[in-house]
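Structure at a glance
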Amino acid sequence: MHFLLQTVIALIFIYIISSIVNSLVVESLSQWINLRGDFLRYHLTNFFKVEKPKQFNPLWRIVYWFKNRLFGKRANQVKNFGDLIYDHFLMKKFSRKRNEYPNYIDPKLFSSVIYDLILKEIPKEKFAKLTIDDIPNPVHTDKEGNKGVIPIPDAIKEIIKNIILKASKLEKNLDDIALEIEQVYNIYMNRVSQWYKSQMRWILFAVGLLIASFSNLDTINLFKIIRGDTQVRDELFVAAEKLSKLETVELNDEQKEVLIAELVKKSLIKTDTVLLIYPPEINGETIGKVYQFLLKSDEEISSSFSNLELGPAGVKQFFYKEKIFENGSFNRSALWQWILKLMGLFVTAVALSYGATFWFDLLKKLIRFG
């Protein structure tokens, strides 16, 4: 196999390991600030709005989390039907914490809430000739005891009307109507899951940039070192070949817990008011540990990782070596090295945002091609 292809494969191997660590940090971060629950509520409540909602920005959600922790969280007001769903006692029972939204809502739970809020108020004799005017707007009582009507958009009433009319013509009962509602819900949730994965790319990029900067994961520099060091290239290539024989690089829950305890909890320190992010270090030990977890064995990589200049030591060495201003004179060569360094870190952050599965699939294709 050509040495350039081996170099690319060795670099992809490092991407896979680093992406796994990056995803663990992001997964822990999203759980601690309930990002998935916020995202689900955002899209579920906006489904019941007529006006076009503002774009969900996960990075700003982190800022809001800090703001709420420091200055207190406002009580949620029921302004539309989506808010009323989350205010339902069944929905509150399935929240992980009192002030947090559930990060998953079972379709049967959703249909039960819809039934309690809407369907039970519709007389069965109207099912066969139902109009949207026959679908009542639920009444909500706030904490002060004040009652108010929560309007349901006509578009949502039209969906409910069509489901009930269809069930009535087919002589179906309320259980079948609930099943139809669950199917519509599942279709929408599949779309929400795709949106969530797309939005999380920004978080993966941001955290990946922190990890890359702290660990000196400079793609340009790594490519030069691996290309020029035959021993490192060959040993990383052998490790990549063994990794390519696996069916997946997805870790099970037990493996995740161990790695999170060893790598992530030391990096994310959460208190009642502060969340500190201290990027985990990607070095030879980290790569070897994740590699062993994937292979489910104690086999070690014999590569000399010190040659790759990974870790904070590599960052410090570069910082003291490449000084743009030294002895009062401008160093153009150092400036160019800094530009290359920033470009290399940026490329690594972009690479990590794609996730381990993407690079694993590419690795298998390149191994077969070679």
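To start, this report covers the structure provided alongside it. It should be emphasised that the depicted structure is a prediction, and the values quoted were computed from it without experimental measurement. (Residues numbered from 1 in each chain as written. Predicted model: local features only at pLDDT ≥ 70, side-chain atom pairs only at ≥ 80, totals over all residues. Heavy atoms only, no water.)

**Brief notes about the overall build of the protein**
When you go through the protein residue by residue, the secondary structure sums to 15 helices and 6 strands. Out of the 370 residues in the protein, the part that is buried amounts to 45%. Excluding contacts between residues fewer than 6 apart, the proportion of contacts in the protein whose partners are at least 24 apart in sequence is 77%. Carbon and sulfur atoms make up 54% of the accessible area of the protein, which totals about 21100 Å². (Helix = DSSP H or I, 4+ residues; strand = E, 2+ residues; numbered from the N terminus. Buried < 20%, exposed > 50% of the residue type's maximum accessible area, 1.4 Å probe, protein only. Contact = heavy atoms within 4.5 Å. Areas by Shrake-Rupley, 256 points an atom, 1.4 Å probe, with all protein chains shown as cover.)

**Looking at helix α1 (residues 3-32)**
With 30 residues, α1 extends 44 Å from end C-alpha to end C-alpha; this agrees with the ideal 44 Å at 1.5 Å per step. Buried residues dominate α1, accounting for 23 of its 30 residues. Just downstream of α1, Asn34 is the residue with a positive phi angle, here 55 degrees. (Expected span 1.5 Å × (residues − 1).)

**Topic: the packing of α1 against helix α11 (residues 253-264)**
Remark: α1 packs on α11, axes separated minimally by 10 Å, with the N-to-C direction vectors making an angle of 90 degrees. Relative to α11, α1 is oriented roughly perpendicular. For the pair α1 and α11, contact is made by Val21, Leu24, Val25, Glu27 and Ser28 and by Lys256, Leu259, Ile260, Leu263 and Val264, respectively. By residue class, the composition of the contact of α1 with α11 is 7 nonpolar, 1 polar and 2 charged. (Axes fitted to C-alpha atoms, helices over the stretch in contact; angles between N-to-C directions. Parallel < 35°, antiparallel > 145°, perpendicular 65-115°, else oblique. Nonpolar A, V, L, I, M, F, W, Y, C, P; charged D, E, K, R; others polar.)

**Things to note about the nonpolar core**
For soluble globular proteins, nonpolar side chains are generally found buried alongside one another. Residues Phe13, Ile16, Phe81 and Leu308 are the most contacted members of the largest nonpolar core, which totals 97 residues. With 16 residues, α1 is the single largest residue contributor to this core. Not counting chain neighbours up to four residues away, the residues in contact with Phe13 comprise Leu236, Ala239, Ala240, Leu243, Ile287, Tyr291 and Ile301. (Core = buried A, V, L, I, M, F, W, Y, C linked by side-chain atoms within 4.5 Å.)

**Some remarks on the packing of aromatic side chains**
If you walk through the whole model with that rule in mind, you get 9 aromatic pairs. On the basis of an interplanar angle of 35 degrees and a centroid distance of 5.0 Å, the ring pair of Tyr354 and Phe358 is categorised as tilted. The partly exposed category is assigned to Phe358, whose relative accessible area is 40%. A connected cluster of aromatic rings, assembled from ring pairs, spans Tyr15, Tyr354, Phe358 and Trp359. Stacked on the ring of Tyr196, the Lys or Arg Arg36 has its end atom at 4.7 Å from the ring centre. (Phe/Tyr/Trp six-rings, centres within 6.5 Å; stacked < 30°, edge-to-face > 60°. Lys NZ or Arg CZ within 6 Å of the ring centre and 35° of its normal.)

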